[in-house]
Every structure is written in C-alpha cells, then in structure tokens.
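# Residue-level structural notes
Spelled out from the first residue to the last, the chains are:
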Amino acid sequence: MEVTLLGTGDTTGTPTVGCDCDTCTAARERGVERSRFSVHVRNERTDESLLIDLSPDFRAQFLARDVALPDAAIVTHIHFDHLDGLGNAFRLVRDLPVAAANETDPETGESVADTVRRKYDYLDALSITGQEPLEPFECCGFDVTLVPVDHPPLVCYGVVITDPETDAKLSITGDTNYAIPEASREHLADPDLLIADAIAPASFCEHHPLGGDHHDEAGTPRTFGTKHMTREGALALADELGAAETRLVHVSHFFPADEAFAAPLAVDGERYVL
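A brief look at the structure comes next.

Read from one edge of the open sheet, seven strands run β6-β5-β4-β3-β2-β1-β16, paired in mixed fashion. Because the sheet does not close on itself, it has two edges, and the strands there are β6 (127-131) and β16 (271-273). Strand-to-strand twist across the sheet, computed as the mean angle between neighbouring axes with direction ignored, equals 20°. Along the sheet, helix α5 (residues 112-119) contacts β5 (97-101) and β6; its crossing angle with β6, the most-contacted strand, is approximately 165°.

If you want it as structure tokens, here you go:
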C-alpha cells in the first residue's frame, strides 16, 4: 500500500491567499504547501488507485505529484474542500466509481451519497454507491470501512483501509473533533499509519469564539471550537489507538511559524509505503 498525501491543509490552505502572516511567509520561502485535503492510496498488487476526498485543488495536486489517476474515490462528507474536485476528476476518469455513506443526515435529510448524487446529477455517467457505515466493502483490492466521526453539524466519516493480503492498515480520521464514537475508535485502532485531523495548536483555542472542548486532565483542549481536533487532541488519539506512525493533516496557518513545519505536521507530497 502506497499512501501519498496530496492535500494536507484546511479549507483555506497554506499559504493562505492574501495572507502575509509569519507562517504563510515561511511556507512561501520554504516552497512547501498545504492544499485542500486529499489522500491517494495505491494498491501495488492490483495497480489500482483509491482517492480519499476530491479536493478543489485536484488539478494542481495531480500535476505536482507522480501518482496515477484514481480508479475509485471516496467522499467523507459534503464540505466543499473535500468534494468540489469531483467534476474535475470526472472529466478525466469518465466512469469513476464514487463511494459515500448511505446514512441519512438529520441536518440535511439525505445521506452523503444522496447529496453527491444530487449535486452532480449533470454528470450522467457518474456512479455513486451508498455504503453502510461500519460495514467493510471491497474497493481497489482493499477492504474499506467508513466510520462515523463527530464534525457538527453535518455527518462525517473517517476511513479505514486494509490490504487483505499484507494486513497493512491505514486509518484516516476525517474531519472530526475528539469525540469519535467508541465503535469507530475500535475500527481505527492499531494502524500502521494514522492520518489525523489537527487544525490548530491547543493554545490557539483562546482565539476561537467557542474556545476549546474535550479537555484532558491537565485542562488542555483536545478540540478546537466544535469541529476539529487540536494538535494535542490528535496526538492523544494516536496514543489511544496505538498508531505505529502518525501524520497530522487539515492543518491551518494558525500554527506559529517555528512549529508549523515540524513533525508530525504533514505537508503536501509526503509518501508512505505500508
């Protein structure tokens, strides 16, 4: 299993357009980028590629990285920074199969699969398959499971990908706060690589209108506002899950410049073989 982090940034990316903060300036000087989220997973045995989320930066990501176009894709939730590259992907892979959860969202009255199907109904050949959360399905020679996480107010899912031949395991939290349900944690546990949402350092919660949540025993917030984990929360989750290796993604430019590019914070283009 070959994993390439195509997009490791939050909804505005880093450098952020029009921003001259120290972190964005340092990113420009270093020539590094955190574009909107997307992960490419190649199955070397079958020579198939699975794309997790379709970033609006799809074109630039695939031009920048030596990876194959996807044979299938998964959409974790309906926010634009995870979905709006679908039209671009469709123009290049006309029969692209797309999987998404079939669970109805009380907020929207439809599932992620339903919403994708409705928003992209003009793409006639697009194949959207609804999948039951917590039930594994086969895709690109992998066993794939969508796991519910907590990203209010909309439903959102993490993704667990295992190779049935090698037992290699990749766990992706998706966009989430620290309150991931126990059943989902059980599926996410013991990965060779954990890709975890960590939008900001815990110290930055003081600048969020809602502060932080899910504090640890020392009072450190493991959730930034309500929707995303802090760095500290993501690392606490990694410890709990027993991850062999962890990379933090959905990273904002709110990290101080002297911390923003230090491990385990990821940048675009990182590649791992599991």
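We now examine the side chain of Ser 184. Of note, Ser 184 is situated in helix α6 (residues 182-188). Residues in contact with Ser 184, not counting those within four places in the same chain, are Leu 134, Val 147 and Pro 148.

What follows covers helix α1 (residues 22-30). Those residues of α1 that fall on the buried side of the exposure criterion are Thr 23, Cys 24, Ala 26 and Ala 27. Each buried residue of α1 sits inside an arc of 160° when the element is viewed along its axis, so together they form one side. Pointing more than 90 degrees away from the buried face of α1 are the exposed residues Asp 22 and Glu 29. In the stretch just after α1, Gly 31 is the one whose phi turns positive, near 70°.

This part covers the environment of Val 147. Following the sequence through the fold, Val 147 ends up in strand β8 (residues 142-148). Val 147 sits in the buried class, given a relative accessible area of 0%. Between the alpha carbons of Val 147 and Asp 175 there is a distance of 12 Å; along the sequence they are 28 residues apart.

Turning next to the pattern of salt bridges. One pass over the full model with this rule turns up 10 salt bridges. Among the salt bridges present, the one from Arg 36 reaches Asp 57, with a minimum N-O distance of 2.6 Å. One end of the pair, Arg 36, is in the loop between α1 and β2 (38-43); the other, Asp 57, is in the loop between β3 (48-52) and α2 (58-64), and 21 residues separate them in sequence. Of the two residues, Arg 36 and Asp 57, both sit in the buried class. Across the salt bridge formed by Glu 232 and Arg 231, the nearest N and O atoms sit 3.3 Å from each other. The class for Arg 231 is buried, based on a relative accessible area of 18%. One salt-bridge network, held together by shared partners, links Arg 231, Glu 232 and Glu 259.

What counts and what doesn't
Residues numbered from 1 in each chain as written. Predicted model: local features only at pLDDT ≥ 70, side-chain atom pairs only at ≥ 80, totals over all residues. Heavy atoms only, no water. Pairing = 2+ DSSP bridges. Helix = DSSP H or I, 4+ residues; strand = E, 2+ residues; numbered from the N terminus. Axes fitted to C-alpha atoms, helices over the stretch in contact; angles between N-to-C directions. Contact = heavy atoms within 4.5 Å. Buried < 20%, exposed > 50% of the residue type's maximum accessible area, 1.4 Å probe, protein only. Arc of directions from axis to C-beta. Salt bridge = Lys/Arg side-chain N within 4 Å of Asp/Glu carboxyl O.

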